[in-house]
Amino acid sequence: MSSSPSASLTVWAGSWLAGSSAPDDVLDALRTWAPQQTVAAGDPVTGGHTGLPWAPDGDPDAVAGAGIMVLLKLIREAMDGPEAQVRLVLPIPGDVRGMPVGTEFAAAATEAGEGLLIGTPGSTGTGLVPFWTEDDALQWRVYSTPIPLTLAPEMPLGEAEYTMREAVRDAADALAQLQTTRLGSGGVGPRELVEAELAGHTRHKYPDSLPLRARRILDTADQVAAILTVAEREPASAPTSATAVAAQEALLRPLWNAIRAARLAAVHAR
């Protein structure tokens, strides 16, 4: 399974650059997210450097964009030295560790909740952020951006695996608590809703080069995310007051944070 287009591109691009996957494997993995994908510059300066069309005001529906083959060229060019890396970022408002703060890329990635940084730490590299268009296509916006010299520390894989095992239980308990609080004993069980949420991810595959432990962590993270998504979206469990909203946030936010940390650790595993 795969948590996001950016996670898919990170692991498959890493496998391709290491010689373990073909370019078509990268593109096929991306097309599983959306058959139609385009690439555009995120700002006019990057547009001038790359020759890509620029999306005014960051609107992915405002410009047709180039084909996704361009992504491979951009990634290859950004890997300009032995220390260059492809890094997944999953920023949220209030937690932008490891991001080039104050940049166009940081703003776009925080809005999307995901993105990639490609290049050598301490130099100018390339940032990629996927945005969905109105017709359910994906547009990858490209930014010339500083690559932070100091990367955000990541959770060890062993800790990430343990954390996700615990999170499955905690997420299920949280969902049950929310269902009990708002539905009483007559509530419909959420199992089918969780399974439906997970079904959309099962078609997204990882390269064989990704360590088995990392795959287990990512699969478990998707399971936890499916439970939390049901807890937040299921109409019957929707909070009905400001107090209830705050209580749900306090209950679920630590689990979402744990998912982000575990996914970053797993995607960057070698």
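Conventions we followed
- Residues numbered from 1 in each chain as written.
- Predicted model: local features only at pLDDT ≥ 70, side-chain atom pairs only at ≥ 80, totals over all residues.
- Heavy atoms only, no water.
- Helix = DSSP H or I, 4+ residues; strand = E, 2+ residues; numbered from the N terminus.
- Buried < 20%, exposed > 50% of the residue type's maximum accessible area, 1.4 Å probe, protein only.
- Contact = heavy atoms within 4.5 Å.
- Areas by Shrake-Rupley, 256 points an atom, 1.4 Å probe, with all protein chains shown as cover.
- Lys, Arg positive; Asp, Glu negative; His and termini not counted.
- Charge placed at Lys NZ, Arg CZ, Asp CG, Glu CD.
- Axes fitted to C-alpha atoms, helices over the stretch in contact; angles between N-to-C directions.
- Parallel < 35°, antiparallel > 145°, perpendicular 65-115°, else oblique.
- Nonpolar A, V, L, I, M, F, W, Y, C, P; charged D, E, K, R; others polar.
- Core = buried A, V, L, I, M, F, W, Y, C linked by side-chain atoms within 4.5 Å.
- Salt bridge = Lys/Arg side-chain N within 4 Å of Asp/Glu carboxyl O.

Observations regarding the overall build of the protein
1) Next: Helices and strands together make up the secondary structure of the protein, namely nine helices and six strands.
2) Next: Based on the C-alpha atoms only, the size of the protein along its principal axes is roughly 60 × 40 × 35 Å.
3) Next: Buried positions account for 48% of the 270 residues belonging to the protein.
4) Next: The contacts in the protein between residues at least 6 apart in sequence include a share of 70% that link residues at least 24 apart.
5) Next: In the structure as shown, the protein presents an accessible area of about 12700 Å², 54% of it carried by carbon and sulfur atoms.
6) Next: Charge separation in the protein, taken as the distance between the mean sites of 20 positive and 32 negative side-chain charges, equals 6 Å.

Description of the packing of helix H1 (residues 5-17) against helix H2 (residues 23-31)
1) Next: Contact geometry for H1 and H2: axes closest at 9 Å, N-to-C directions at 170°. Regarding the angle of H1 to H2, the classification is roughly antiparallel. Contacts between H1 and H2 involve Pro5, Leu9, Trp12, Ala13 and Trp16 from the first element and Pro23, Asp25, Val26, Ala29 and Leu30 from the second.
2) Next: Taken together, the residues of the contact of H1 with H2 sort by class into nine nonpolar, no polar and one charged.

Comments concerning the nonpolar core
Most often, soluble globular proteins keep nonpolar side chains buried together rather than apart.
1) Next: The biggest cluster of nonpolar side chains holds 64 residues, and the ones touching the most others in it are Leu9, Leu128, Trp140 and Met164.
2) Next: The greatest single-element share of this core, amounting to 11 residues, is contributed by helix H8 (residues 212-233).
3) Next: Excluding residues within four positions of it along the chain, methionine 164 makes contact with Ile217, Thr220, Ala221, Val224, Ala258, Ile259 and Ala262.
4) Next: Judged by nonpolar contacts, the second largest core, of 11 residues, contains Phe105, Ala106, Ala109 and Phe131.

Section: the side chain of threonine 126
1) Next: Mapped onto the elements of the fold, threonine 126 is located in strand E5 (residues 124-132).
2) Next: When near neighbours in sequence (up to four residues on either side) are disregarded, threonine 126 contacts Ala78, Leu116, Leu117, Ile118, Val142, Tyr143, Thr145 and Ile147.

Some details on the pattern of salt bridges
Pairing between side chains of opposite charge can happen when their charged atoms approach one another.
1) Next: All chains considered together, the criterion is met by 10 salt bridges.
2) Next: Glutamate 77 is the partner of lysine 73 in a salt bridge, and the nearest nitrogen-oxygen pair spans 2.8 Å. Here the residue lysine 73 and the residue glutamate 77 both occupy positions in helix H4 (residues 69-78), the gap between them amounting to four residues, near one helical turn.
3) Next: For glutamate 77, a relative accessible area of 48% translates into the label partly exposed.
4) Next: With a shortest N-O distance of 2.8 Å, arginine 97 and aspartate 95 are connected by a salt bridge.
5) Next: On the accessibility criterion, aspartate 95 (14% relative accessible area) is buried.
6) Next: Connected through salt bridges with shared partners, the residues Asp95, Arg97 and Arg260 form a single ionic network.

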